[in-house]
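# Residue-level structure breakdown
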Amino acid sequence: MDRIDKLRLALEQYSDRTPQDERLCKLILAICSESPDSSQRRELMDRLLRQLQRIPKLSKSSHPYYYEAVNKTWEWLDKNLHKFHPRRSPIQASLTTWVNAHLRYRIHDLHITKNQQELSLDLDVLERSGFYNDYLDGLEMEIERIEKQALAWKIVQYIRRDPEQKLRKCHPRNRPDCNCQILVQRLFLQQSPEKIAVIARQLNIKTQTIYSFWKRTGLSKLQGIGRHIAQKNSDFMSG
């Protein structure tokens, strides 16, 4: 039994098909009967996609990657339509559920991929800045035990979120606008890292004040956070 016969059996298994379902089944079978690169298939597929987009229950979202996810879902559907086996009647509702599941997966996948691409830029800057060599010497052994990128990713995430406000609460006296989180982000995590002199001028603080605070307090605070994250990763890997 070829795939078209299997598809036909799957579509015809429900005796309560509506006229709308009958037309939909006929269209799906016609699409899958054509060769993948034929103009006739493209025309029929376009018709199916227009029909799907008019269905009120097709997932809608304000997510920034929604339309990109929709396009990828249509590409997937074009390649996998012959695998559609309705789970219930009406068949149109079953097809919508099938498409929606993949669409939600695509949105999630794009979200993860885009964030990883954004973080990879941060991590490249982190390495080029000398962050590892100059300021995280105390993490050397931990970094050697696990993937450096995985550890750096967690460190960057922690710095950005600062969930316990350890970095935001660490700053020169009466200058919360020059806290450790801000300094780390501006010194290491930007695409074009800034110099302490530039930060000092913009914040109207003496350069020596920031430099002394960083060497005396900020660096040890950051190293402590790094060691803690590295230890948690080490415990997880060994457990």
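Going by the structure above, here's the rest.
All of the points below concern the structure found in this document. (Residues numbered from 1 in each chain as written. Predicted model: local features only at pLDDT ≥ 70, side-chain atom pairs only at ≥ 80, totals over all residues. Heavy atoms only, no water.)

## Structural notes on the packing of aromatic side chains
Under the criterion given, the structure shown has four aromatic pairs. Considering the side-chain rings of Tyr66 and Tyr67, the 5.1 Å spacing of their centres and the 75 degrees angle between planes classify their relative orientation as edge-to-face. Taken together, a centroid distance of 4.7 Å and an interplanar angle of 50 degrees make the contact between Trp76 and Trp98 tilted. Placement of the pair is Trp76 in helix H4 (residues 66-80) and Trp98 in helix H5 (residues 91-128), with a sequence separation of 22 residues. Given a relative accessible area of 17%, Trp76 falls into the buried group. (Phe/Tyr/Trp six-rings, centres within 6.5 Å; stacked < 30°, edge-to-face > 60°. Helix = DSSP H or I, 4+ residues; strand = E, 2+ residues; numbered from the N terminus. Buried < 20%, exposed > 50% of the residue type's maximum accessible area, 1.4 Å probe, protein only.)

## Thoughts on helix H1 (residues 3-11)
Where H1 is concerned, the buried positions are Ile4, Leu7, Ala10 and Leu11. Across the axial projection of H1, the buried residues extend over an arc of 125 degrees, all falling on one side. (Arc of directions from axis to C-beta.)

## Focus: the pattern of salt bridges
Following the criterion strictly, the structure yields seven salt bridges and no others. Residue Glu194 pairs with Arg186 through a salt bridge whose shortest N-O separation is 2.8 Å. The pair formed by Glu194 and Arg186 is uniform in burial state, with each residue classed as buried. (Salt bridge = Lys/Arg side-chain N within 4 Å of Asp/Glu carboxyl O.)

## Digging into the environment of Phe213
Structurally, the position occupied by Phe213 is in helix H11 (residues 207-238). For Phe213, a relative accessible area of 4% gives the class buried. Spatially, the C-alpha atom of Phe213 lies 9.4 Å from that of Cys180, the residues being 33 residues apart in sequence. When neighbours within four sequence positions are excluded, Phe213 is seen to be in contact with Cys170, His171, Pro172, Cys178, Cys180, Leu183 and Gly218. (Contact = heavy atoms within 4.5 Å.)

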